[in-house]
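# Fold and contact review
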Amino acid sequence: MGRSAENSTTLPNGRVVGYGLVDKGGLWRVRFSCEGKRVEVSTGTAVKGEARTRAVAIIRDRFDPSASAARSASWDEIVTFMEAHPHLRPASRRLYLKSIKSLRLIFPDHEGPAALTPKEAAKFLREFSRGRSANTVRNAYRHLSSLFAKHLRGAGYVESNPWDAVDPPPEVRHEPRAPTDEEFAELMTYLEATYPGWTLIRLFVQLKAYTGCRTGDVCALRSDQLRDGRIFFDPDQTKTRAGRSVPLPPEMLAGLESIKGETYLWERFASDAVKYRPNNSKGAIEFSPSYLYWAVAGIFKAFNKSRPGKPRLRPHDLRRRALTQAAILFGTDAAARAIGVDPQTARRYYIDAQRASKTDEVFGGLADWWRFGGGGAKPGEGEAKKTP
């Protein structure tokens, strides 16, 4: 498929092979050229992200079916490979690299992924769990297992996934809690008092709270994605790989139009930070979505430090707030579709069931029922008997 190919992968011998994916009958098929002939093979999956991973393995096997032994690669080579990976969102790349770093801190002299054994994987989890919560350890396990299964095996760096033989710690479930309107108002008041006149940071928080988008997706917005009264999210920017657009309130739209940069929507943040955050800035630097991501995390950290004893408010909690409020108004399924998340994921991790299900109102009604007999008597019946 050559130069016009939608995707490409590099074989162990350094050859670059272009390929395309086409949906047929609900399953993705990979198309590529091998020895001058067009090849089309089913990946066996309906998920495009998984299809890309399987396509790489299919191509590798077609070009070199005898290559059963994983090629040796150091962790430095793997880091370079992941940094240049064309199909990773910045947030995903950051998590993978962070997990590799954690693994190398525990095994500083380790040769590379092909040499990692299940015994060493289990030892990593034991060592890494010291001083960390079960969920933090579980997330590290998930990221490393995904790294081996989805990326290293398909690229020929490993033959198997040692994490499959290891049991991660059980997940500790916490019911999602969405910030209240009062807590959000407290945040906005803090921003105004701490950074008076800094419109950009307030608009950033307002847009994230309104759209319910992931912080990384908002940070990476370009100015040309603000048009026609909407903000447009490209498929390659979102975790679900699905594009969407959100109509904006007039006042928010006007504010964003006034601060947008030449390339990125939040481009002015880098120069503004020199003025508004002099103690946290090392002088003018070039803007990047990653720079903004960590700066926003620092601003929220300072906000939480300013209100000891109160519930922490993190940038990601604004996603919970948007999903919860949308679920109250329009139902969970509609809210999840609008904000771009699977309904089951929304229920499990994002929607504050106490508020969205109006639990207090339900039990308020049950309290009346209980007060008037508790055995089936209706509220109105108890009062009617007292009426002469």
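Cut-offs used in this document
- Residues numbered from 1 in each chain as written.
- Predicted model: local features only at pLDDT ≥ 70, side-chain atom pairs only at ≥ 80, totals over all residues.
- Heavy atoms only, no water.
- Helix = DSSP H or I, 4+ residues; strand = E, 2+ residues; numbered from the N terminus.
- Buried < 20%, exposed > 50% of the residue type's maximum accessible area, 1.4 Å probe, protein only.
- Pairing = 2+ DSSP bridges.
- Arc of directions from axis to C-beta.
- Contact = heavy atoms within 4.5 Å.
- Salt bridge = Lys/Arg side-chain N within 4 Å of Asp/Glu carboxyl O.
- Polar contact = N/O pair within 3.5 Å; in protein donor to acceptor, adjacent residues only side chain to side chain.
- Phe/Tyr/Trp six-rings, centres within 6.5 Å; stacked < 30°, edge-to-face > 60°.
- pLDDT = per-residue confidence, 0-100.
- Core = buried A, V, L, I, M, F, W, Y, C linked by side-chain atoms within 4.5 Å.

### Some thoughts on unusual backbone geometry
The backbone phi angle of Glu-35 is positive, close to 55°, even though this residue is not glycine. Along the chain, the position of Glu-35 falls in the loop between strand S3 (27–34) and strand S4 (37–42). Taking the relative accessible area as the measure of exposure, Glu-35 reaches 74% and is therefore exposed. Phi is positive for Asp-228, close to 55°, though the residue is something other than glycine. Looking at where Asp-228 falls in the secondary structure, it is placed in the loop between strand S5 (226–227) and strand S6 (230–233).

### Topic: the sheet that holds strand S7 (residues 244–247)
One open sheet accounts for three strands, arranged S5-S6-S7; its pairing is antiparallel. One side of each edge strand has no neighbouring strand; the edge strands of this open sheet are S5 and S7. Where S6 lies against S7, four bridges are found, and the strand directions are antiparallel. Bridging from a neighbouring strand, Ile-231 pairs with Val-246 of S7.

### A look at helix H2 (residues 75–83)
All of the buried residues in H2 are Trp-75, Ile-78, Val-79 and Met-82. Along the axis of H2, the buried residues cluster in a sector spanning 100°; they form a single face. Looking at the packing, one finds that the buried side of H2 touches helix H3 (90–106) and helix H5 (134–152).

### Regarding helix H4 (residues 118–128)
Residues of H4 that are buried include every one of Ala-121, Phe-124, Leu-125 and Phe-128, and no others. Projection of H4 onto a plane perpendicular to its axis shows the buried side chains occupying an angular sector of 95°, all on one side. Set apart from the buried face of H4 by more than 90 degrees, the exposed residues are Lys-119 and Arg-126. Looking at the buried side of H4, the elements it contacts are H3 and H5.

### A few points about the side chain of Ser-99
With respect to the helices and strands, Ser-99 occurs in helix H3. Given a relative accessible area of 5%, Ser-99 falls into the buried group. With sequence-adjacent residues up to four places away left out, Ser-99 is seen in contact with Ala-140, His-143 and Leu-144.

### Re the environment of Phe-148
On the secondary structure map, Phe-148 appears in helix H5. Sequence separation of Phe-148 and Ser-160 is twelve residues, and the distance between their C-alpha atoms is 7.7 Å. With near-sequence residues (within four places) excluded, Phe-148 lies in contact with Trp-75, Pro-113, Leu-116, Arg-153, Val-158, Ser-160, Asn-161, Pro-162 and Trp-163.

### Quick word on the pattern of salt bridges
Following the criterion strictly, the structure yields 17 salt bridges and no others. One salt bridge connects Glu-40 with Arg-38, and the closest N-O pair in it is separated by 3.7 Å. Given the relative accessible area of 24%, Glu-40 is considered partly exposed. Its relative accessible area of 59% is what places Arg-38 among the exposed residues.

### Concerning the side chain of Thr-211
Relative to the helices and strands, Thr-211 is located in helix H7 (residues 199–211). There is a polar contact of 2.8 Å between the side chain of Thr-211 and the backbone oxygen of Leu-207. Sequence-distant contacts of Thr-211, defined by excluding residues within four places in its chain, comprise Ile-231, Arg-244, Val-246 and Ile-339.

### Some remarks on the packing of aromatic side chains
Overall, the coordinates contain 15 aromatic pairs when judged by the stated rule. Arranged with centres 6.3 Å apart and planes meeting at 35°, the rings of Phe-32 and Phe-63 form a pair that is tilted. In this pair, Phe-32 is assigned in strand S3 and Phe-63 in helix H1 (residues 48–63), connecting sequence segments 31 residues apart. Residue class for Phe-32 comes out buried when judged on its relative accessible area of 1%.

### Here we look at the confidence of the model for the protein
Across the protein, pLDDT averages 83, with 83% of residues at or above 70. Scored below 50 in pLDDT, residues 381–388 shows two contacts in the model against residues more than four places distant or in partner chains.

### Observations regarding the nonpolar core
Counting 41 residues, the largest nonpolar core has Leu-191, Val-205, Leu-207, Leu-256, Trp-266 and Phe-269 as the members making the most contacts within it. Contributing elements (two or more residues each) for this core: helix H6 (181–194), H7, helix H8 (215–219), S6, helix H9 (250–259), helix H10 (269–276) and helix H11 (289–305). The element that contributes the greatest number of residues to this core is H7, accounting for seven residues. With residues near it in sequence (within four places) discarded, Leu-207 still touches Gly-212, Val-218, Leu-221, Leu-248, Met-252, Leu-256, Leu-265 and Trp-266.

### A few points about the pairing of S3
Side-chain alternation along S3 places Trp-28, Val-30, Phe-32 and Cys-34 on a buried face and Leu-27, Arg-29, Arg-31 and Ser-33 on a face that remains uncovered. Joining the antiparallel neighbours strand S2 (residues 16–24) and S3 is a turn of two residues, in which Gly-25 adopts a positive phi near 65°. Where S3 and S4 come together, six bridges link them in antiparallel fashion. Bridge assignment links Phe-32 to a residue of S4, and that residue is Val-39. As consecutive antiparallel partners, S3 and S4 are separated by two residues, and within that stretch Glu-35 has a phi angle of approximately 55°, a positive value.

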